[in-house]
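Report on the structure
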Amino acid sequence: MALEQFSDVVQRCQALPDDAYTTEDHDVFTISGRTCIEEGNSAQVLSIILDEKNQDIVRCMGWNLLPPLIQVLLKKEDEKLSQCLAIFNHLLKTCRPKELLIGLLEQLEQDDPDTIAESLHLLMNPLQKVLLCLGSRKASSLGMTLSSVLDQVAKLPLPLTKEQEEDDVFSLCRCCTDLIDFVRPFVHEAKQNLLNGVAQHESTNKMSGEQAREKEDELRTELLKFCMKTLSHPLLELQLKDPDTLPVSPLRNFATEILNTLCAIRESIPSLVHQPLLKKKQVPGFLEEEVRYPKESLASLAHLVFVHHLAAGTFPSVFSPVFCLRCNMEHISLLLSRTEEARIQKGLELYEKSLVRLEEGSLPADLLEIRTFLTVPQNLVKVMTICSRHDLRTRGLKVLQLSIDKFDTEAKYNFFQYMLKTSNHSGVEGYIIKNIKNQIDVALRPGNSNTWFEGTHLLPLLRKVLSLPDGPETDLLQYLDRIMESLNLLRYLVIRDKVTENQTGIWTELYKIEDSFLKPLRVGVNMSRAHYERELHDTMETKRGRAKEESLLSVSVGSEKLPNMTPESQIQALHSALHTFDMIESVLVRIEELTEAKEKC
């Protein structure tokens, strides 16, 4: 039935010009032709399609047969595969390019990852042929095609291990390789356009020269959009393997080709990386600068250059490490501000690679007047304290210390003040205080005197360190790291600095420290100990009263309600807290002994 309808509509249309085909003709041709292919009558359809008398009909309506053909080609095992492939190839040669493009793009849309990869592999080459037939009108169609292809690529899982990339278990490597092959002739054309210029057109016809330049810019713009989109995905999400780990990496090759494409269309890699420091400029084409150069894509590009050393040869050696760090701080700040672990990891890697090229103590204090040199440490604190991955938290701490080491003494001083003011985390504050102690130790060594970590400059920093956030009511357990490092610093100063020399000013400041820090801390320890001892007593009484029951207790400490736990666990927690108060008190007593002994000398 379907075959008869298909033959009839083709025969009826043979005598008609293509502009006389009715809507009904199109519908009957489409429905009956698709049904024939689905029912296995591909040989008869092929005969009709190849008939010379039917070529006008095929040119006009043949593209409607693509869906069932592509389904057969994707299955591969169909016995009618060879006939369907012959029909498909003939349609590609005969049908109008614009209609073919629409039909092929419709068939590109898939949801299953396995089907996505097979569909891309099948259709990329036909899409390339169709686009090349469009001549100078191809730019917008190329952009639409590349956008559709990348949307499909984004649905594929990413390989996480070396083995997954080697075996290409998710077919992403093959798709990326196909994509580079697909875009290559268009990159070559854009490059030739740029090399040839439009001088010959302008010499003969000013309008044609302007039109040629417009077409050239459109093609170049679409390729730029493609590169920027691939830098954002998949390249920003991927963790590329180093050559030592994976000598042949399709994904690293893909990244390299994207950077080569940027160079081919005359986008300077150094200028793209340094974009945050460059003044906004008018760029040719219809895109605004921030749309043309998305910030995430530029951050991904900087990571490829400085961490993986791709296109590193394009960077002039005149760029100093400090200048490169300044440029990268924008990218680092963006990556570390995100919650996705892949972006955080790349932000840490880029920051570390940017810092290791610097000499220790080489970064001046005026850099802290630049916004990103303050936002990046804030983002690092979030990574170190709330990131779910232990390795990223540990690396964040390592990079924080590396950044501290690169500052000169004045910058360190200002940085410590800023971090104590803004970090709002006891562990981070304790770490900063430990760094302050180390800097004071360096300053007090013979021949190392500096004005920032001794004498009058040091005192404001000490006052900030040797204080309790909430006076005697401070939660000692919450602020334990900060309090213990502050006490250790004070004990060090009392031991290290002689009363007669008073290099740090601690001995003239000690009476103020006693009033603002030591006395409130003693009161706080006594209050906290009394509270926890009472809670311990009550818990033990409750346990004795319910000795034969398996019960859960709920205990409040201060205003906080501790989670339900067994009496044994609750008693252990309370004992641990009391031990902490004893530890604080022991250091307090030791400081008192040291100060008394020193003052008597």
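How each quantity is defined
- Residues numbered from 1 in each chain as written.
- Predicted model: local features only at pLDDT ≥ 70, side-chain atom pairs only at ≥ 80, totals over all residues.
- Heavy atoms only, no water.
- Helix = DSSP H or I, 4+ residues; strand = E, 2+ residues; numbered from the N terminus.
- Rg over C-alpha atoms; globule rule 2.2 N^0.38 Å.
- Buried < 20%, exposed > 50% of the residue type's maximum accessible area, 1.4 Å probe, protein only.
- Contact = heavy atoms within 4.5 Å.
- Salt bridge = Lys/Arg side-chain N within 4 Å of Asp/Glu carboxyl O.
- pLDDT = per-residue confidence, 0-100.
- Phe/Tyr/Trp six-rings, centres within 6.5 Å; stacked < 30°, edge-to-face > 60°.
- Lys NZ or Arg CZ within 6 Å of the ring centre and 35° of its normal.
- Axes fitted to C-alpha atoms, helices over the stretch in contact; angles between N-to-C directions.
- Parallel < 35°, antiparallel > 145°, perpendicular 65-115°, else oblique.
- Nonpolar A, V, L, I, M, F, W, Y, C, P; charged D, E, K, R; others polar.
- Disulfide = S-S within 2.5 Å.
- Polar contact = N/O pair within 3.5 Å; in protein donor to acceptor, adjacent residues only side chain to side chain.
- Core = buried A, V, L, I, M, F, W, Y, C linked by side-chain atoms within 4.5 Å.
- Expected span 1.5 Å × (residues − 1).

1. Some details on the overall build of the chain
Each helix and strand counted, the chain has 27 helices and 2 strands in total. On C-alpha atoms alone, the chain measures out to a radius of gyration of 36 Å, which is more than a quarter above the 25 Å that the 2.2 N^0.38 rule sets for 601 residues. For the chain, buried positions account for 49% of its 601 residues. Here the analysis covers contacts within the chain between residues at least 6 apart in sequence; of these, 73% occur between residues at least 24 apart.

2. Brief notes about the pattern of salt bridges
Under the counting rule described, the total for this entry stands at 31 salt bridges. With a shortest N-O distance of 2.8 Å, Glu514 and Arg522 are connected by a salt bridge. Overlapping salt bridges, with partners in common, bring together Glu237, Glu296, Arg338, Glu340 and Arg343 in one network.

3. Observations concerning the confidence of the model for the chain
Parts of the model with low pLDDT should not have their predicted coordinates read in detail. In this model, the chain carries a mean pLDDT of 89, and residues with pLDDT of at least 70 account for 91%. Note on residues 198–204: pLDDT under 50 across the span, and 10 contacts to partners over four residues away in sequence or across chains.

4. Overview of the side chain of Ser297
In this fold, Ser297 is placed in helix H17 (residues 295–306). Leaving out residues up to four positions away in the same chain, Ser297 has contacts with Met228, Leu231 and Ser232.

5. A short note on unusual backbone geometry
Each neighbour pair has its own omega, and for His233 with Pro234 the value is 15°, a cis peptide bond. Along the chain, the position of Pro234 falls in the loop between helix H13 (206–232) and helix H14 (250–264). Although it is not a glycine, Asn424 adopts a positive phi angle of roughly 55°. By secondary structure assignment, the location of Asn424 is in the loop between helix H22 (409–422) and helix H23 (426–444).

6. Digging into the packing of aromatic side chains
As enumerated under the stated definition, the model contains 9 aromatic pairs in all. Look at Tyr532 and Phe581: their rings are 5.3 Å apart centre to centre, the planes differ by 75°, and that puts the pair in the edge-to-face class. Separated by 49 residues along the polypeptide, Tyr532 in helix H26 (residues 506–545) and Phe581 in helix H27 (residues 567–600) bring together distant segments of the chain. The same class applies to Tyr532 and to Phe581, which are both buried. Ring-pair connections join several aromatic residues into one group, and the members of that group are Phe407, Tyr413, Phe415, Phe416, Trp452 and Phe453. It is Lys437 that lies over the ring of Tyr492; its NZ or CZ is 5.1 Å from the centre.

7. Focus: the packing of helix H9 (residues 139–153) against helix H11 (residues 172–196)
Remark: H9 packs on H11, axes separated minimally by 11 Å, with the N-to-C direction vectors making an angle of 170°. Taken together, H9 and H11 sit at an angle that is classed as roughly antiparallel. Contacts between H9 and H11 involve Leu142, Thr145, Leu146, Val149, Leu150 and Val153 from the former and Leu172, Leu179, Phe182, Val183 and Phe186 from the latter. Across the contact of H9 with H11, the residue classes break down as 10 nonpolar, 1 polar and no charged.

8. Here we look at the state of the cysteines
For the structure on display, the rule yields 0 disulfides. Free of any disulfide, Cys263 has its nearest neighbouring cysteine sulfur in Cys227, separated by 9.6 Å.

9. Remarks on the environment of Lys162
Inspection of the secondary structure assignment puts Lys162 in helix H10 (residues 162–167). Sequence-wise, Lys162 and Lys241 are 79 residues apart; in three dimensions their C-alpha atoms are separated by 7.2 Å. Excluding residues within four positions of it along the chain, Lys162 makes contact with Lys241, Thr245 and Leu246.

10. Quick notes on the side chain of Gln55
Locating Gln55 in the fold gives a position in helix H4 (residues 55–61). At a separation of 2.7 Å, a polar atom in the side chain of Gln55 contacts the main-chain carbonyl oxygen of Asp51. Ignoring sequence-local partners within four residues, the contact set of Gln55 consists of Ile49, Leu50, His90 and Thr94.

11. A word on the nonpolar core
Nonpolar side chains in soluble globular proteins generally cluster together in the buried interior. One finds Phe182, Ile440, Leu487 and Leu521 to be the most contacted residues of the largest nonpolar core, which totals 180 residues. The dominant element in this core, judged by the number of residues it contributes, is H11, at 11 residues. Setting aside its immediate chain neighbours within four residues, Leu487 contacts Phe517, Leu518, Leu521, Ile584, Val587, Leu588 and Ile591.

12. Quick word on helix H21 (residues 390–406)
Since there are 3.6 residues in each turn of an α-helix, residues three or four apart along the chain are aligned in direction. Between its terminal C-alpha atoms H21 stretches 25 Å, which fits the 24 Å expected from 17 residues at 1.5 Å a residue. What H21 keeps buried is the set Leu392, Gly396, Val399, Leu400, Gln401, Leu402, Ser403, Ile404 and Lys406.

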